Amino acid sequence: MRKPKVIRMVFALSLGCFIMVVFYFNSNLKTASEPVGERSSGQKSSRSPLQTLCDGDQIESAVQGIHHGRRELLEEGCSSYTRKRRVLIPEDLKHVIVDDQHGLLYCYVPKVACTNWKRVLMVLTGVAGSHREPLAIPANEAHVPGNLRTLSEYSTSQINQRLRTYLKFVFVREPFERLVSAYRNKFTRSYNTAFHKRYGTKIVRRHRPDPQPEALEKGNDVSFEEFVYYLVDPATQREEPFNEHWERVHSLCHPCLIHYDVVGKYETLEQDSRYVLQLAGVEDQVSFPTSSKSTRTTGDMAAQFFQNISPFYQKKLYNLYRMDFLLFNYTVPAYLKFR
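Residues numbered from 1 in each chain as written. Predicted model: local features only at pLDDT ≥ 70, side-chain atom pairs only at ≥ 80, totals over all residues. Heavy atoms only, no water.

Visitor: I'd like a description of the overall build of the protein chain, backed by residues and values.
Guide: Each helix and strand in the protein chain was counted, giving 15 helices and four strands. Among the 339 residues that make up the protein chain, the fraction classed as buried is 46%. The contacts in the protein chain between residues at least 6 apart in sequence include a share of 70% that link residues at least 24 apart. Accessible surface for the protein chain amounts to roughly 18300 Å². Of this, 53% is attributable to carbon and sulfur atoms. (Helix = DSSP H or I, 4+ residues; strand = E, 2+ residues; numbered from the N terminus. Buried < 20%, exposed > 50% of the residue type's maximum accessible area, 1.4 Å probe, protein only. Contact = heavy atoms within 4.5 Å. Areas by Shrake-Rupley, 256 points an atom, 1.4 Å probe, with all protein chains shown as cover.)

Visitor: So, the packing of helix α3 (residues 61-81) against helix α15 (residues 311-327): which residues are in play, and what are the values?
Guide: Each pair of packed helices can be described by the angle between their axes along with the distance between the axes. Two elements in contact, α3 and α15, have axes separated by 8 Å at closest approach and are oriented at 140 degrees. With respect to α15, the axis of α3 lies oblique. Side by side, α3 and α15 meet where L73, L74, G77, C78 and Y81 of the first sit next to R322, M323, L326 and L327 of the second. Of the residues that constitute the contact of α3 with α15, the class distribution is seven nonpolar, one polar and one charged. (Axes fitted to C-alpha atoms, helices over the stretch in contact; angles between N-to-C directions. Parallel < 35°, antiparallel > 145°, perpendicular 65-115°, else oblique. Nonpolar A, V, L, I, M, F, W, Y, C, P; charged D, E, K, R; others polar.)

Visitor: Any chance you could break down the confidence of the model for the protein chain for me, citing the residues and the numbers?
Guide: Mean pLDDT for the protein chain: 87, with 84% of residues reaching 70 or above. When the criterion is pLDDT under 50, residues 36-44 qualifies, and its contacts beyond four places in sequence or with other chains add up to 23 contacts. (pLDDT = per-residue confidence, 0-100.)

Visitor: Can you tell me about the sheet that holds strand β3 (residues 167-172), naming the residues and giving the values?
Guide: Spatially, four strands are ordered β1-β2-β3-β4 in an open sheet, and the strand pairing comes out mixed. Looking at strand neighbours, the two that pair on one side only are β1 (96-99) and β4 (262-265), the edges of this open sheet. Adjacent strand axes in the sheet meet at a mean angle of 25 degrees, parallel and antiparallel pairs treated alike. Pairing of β3 with β4 involves four bridges; the strand directions are parallel. When the sheet's bridge partners are listed, F171 is paired in β4 with G264. (Pairing = 2+ DSSP bridges.)

Visitor: A description of unusual backbone geometry should follow, citing residues and the corresponding values.
Guide: The phi dihedral of K111 falls on the positive side, at around 75 degrees, and the residue is not glycine. Mapped onto the elements, K111 comes out in the loop between β2 (104-107) and α4 (114-125).

Visitor: How would you summarise the nonpolar core if you had to cite specific residues and measurements?
Guide: Inside soluble globular proteins, nonpolar side chains tend to come together where they are buried. Ranked by size, the top nonpolar core spans 88 residues in total, and within it F227, L231, W246, L317 and Y321 carry the most contacts. Beyond its immediate chain neighbours, meaning those up to four positions away, L231 contacts L179, F242, W246, L317, L320 and Y321. (Core = buried A, V, L, I, M, F, W, Y, C linked by side-chain atoms within 4.5 Å.)

Visitor: Residues and numbers for the pairing of β1, please.
Guide: Here β1 shows two buried faces, one formed by V96 and V98 and the other by I97 and D99. Bridge count between β1 and β2: four bridges; the pairing is antiparallel. Within the sheet, the bridge partner assigned to V96 lies in β2 and is C107. Following β1, the chain reverses through four residues before pairing antiparallel with β2; G103 in that reversal takes a positive phi of roughly 70 degrees.

Visitor: Quick rundown of the pattern of salt bridges? Include the residues and the values.
Guide: Taken as a whole and assessed by the stated rule, the structure comprises 14 salt bridges. Because the salt bridges share partners, they merge into one network encompassing R198, K202, R206, E239 and E240. (Salt bridge = Lys/Arg side-chain N within 4 Å of Asp/Glu carboxyl O.)

Visitor: Go over empty space enclosed by the protein with me, naming the residues and quoting the values.
Guide: Throughout the structure, instances matching the rule amount to one cavity of 30 Å³ or more. In this structure, the largest cavity spans a volume of roughly 40 Å³. Lining the largest cavity are R173, P175, R178, V249, Y321, D324, F328 and Y330. When residues of the lining of the largest cavity are traced back to their parent elements, those giving at least two are α7 (175-187) and α15. Of the residues that constitute the lining of the largest cavity, the class distribution is five nonpolar, no polar and three charged. (1 Å grid on protein atoms, 1.4 Å probe; cavity = no way out; pocket = protein on both sides within 12 Å on 5 of 7 lines; lining within 4 Å. Points joined across faces, edges and corners; volume = space filled by probe spheres on them.)

Visitor: Give a description of the side chain of T297 that names residues and reports values.
Guide: Looking at where T297 falls in the secondary structure, it is placed in the loop between α13 (269-279) and α14 (299-306). Judged by its relative accessible area of 4%, T297 falls in the buried class. Looking at T297, its side chain comes within polar contact range of the side chain of R184, at 2.9 Å. Not counting chain neighbours up to four residues away, the residues in contact with T297 comprise R173, E177, V180, S181 and R184. (Polar contact = N/O pair within 3.5 Å; in protein donor to acceptor, adjacent residues only side chain to side chain.)

Visitor: For helix α6 (residues 156-165), give the residues involved together with the corresponding values.
Guide: Of all the positions in α6, only I159, Q161, R162 and L163 are classed as buried. Elements in contact with the buried residues of α6: β1, β2 and β3.

Visitor: Describe the packing of aromatic side chains, with residues and values.
Guide: All told, the structure shown has 27 aromatic pairs when counted by the stated rule. On the numbers, 5.1 Å between centres and 85 degrees between planes, the contact of F176 with F325 is edge-to-face. With a gap of 149 residues between them, F176 in helix α7 and F325 in helix α15 connect regions that are remote in the sequence. Each of the two residues, F176 as well as F325, counts as buried. With a centroid separation of 5.4 Å and 40 degrees between ring planes, the pair formed by F306 and Y335 is classed as tilted. Linking F306 in helix α14 with Y335 in the segment after α15, this pair joins segments that are 29 residues apart in sequence. One cation-aromatic arrangement involves R149 over Y154; the distance from NZ or CZ to the ring centre is 4.1 Å. In this structure, K265 is placed above the aromatic ring of Y330, and the distance from its NZ or CZ to the ring centre is 4.2 Å. (Phe/Tyr/Trp six-rings, centres within 6.5 Å; stacked < 30°, edge-to-face > 60°. Lys NZ or Arg CZ within 6 Å of the ring centre and 35° of its normal.)

This is the structure in structure tokens:
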């Protein structure tokens, strides 16, 4: 009489083991198919940075309020100043760096602390090897193509999935301060011979009356006025796109096509960088480098460079960068004379 009971117990035990095995393989299969950024990967929380942003229970409310306001202003600007919407293409995504381990998408803008952000992402993604301090990574190494993957390298479905589920952030800067910073770095530093040859010689040839042979050959003494003439010359962009160091942010990062969750500003760099690292749950793993530069371009310095630019060319230059002023809520500089 006990045999049927024993048989039933053995059968139940076997069935239970079979169910557990099926569950185990399904779980493994699901985990393997998810992007790394959606897994816990040993992080403090299994929540993604985007979930942390939406939940909003781990970040100071005042900081969240600032960033919410920036997102709203950007959306309003896109609605007011852009008429035609188009579909993103891979070419649009060459500046968007991907961190699959932490679920981050960062659109880098030259002259807005992008070297340090690349260093931070190299540490987070393991590309930096034994380096745990971002500043230990040489600046030129941070810009080596292929060290960090960009979103343009993924398939369409992978791109869409990451745009939906990853935290997207960009850092911006007052447009004319960024422009003066680019000019100072690329045209007044003796070591930037590649820029002098590539752009300086062309600028001298086109925008300097009776240039000396040495200037035509080296292009190493371009004035800021000549640089401005080059930028507003319609022939410049007909020939080729702007170099990324003076290309407009809205053309590099497409903020009206990509919904950025965080719009950081160079003016509040340390606070905004800390906010991104908190959302990613890695603030105890890496710190954003603090700047000790005493030579960085300020508003007062930009004003000095614009003293010799006529109101006519100031207006032309402002119109060229107008969308960056409007979308990121920067006022027209007081030193401009065209108003």
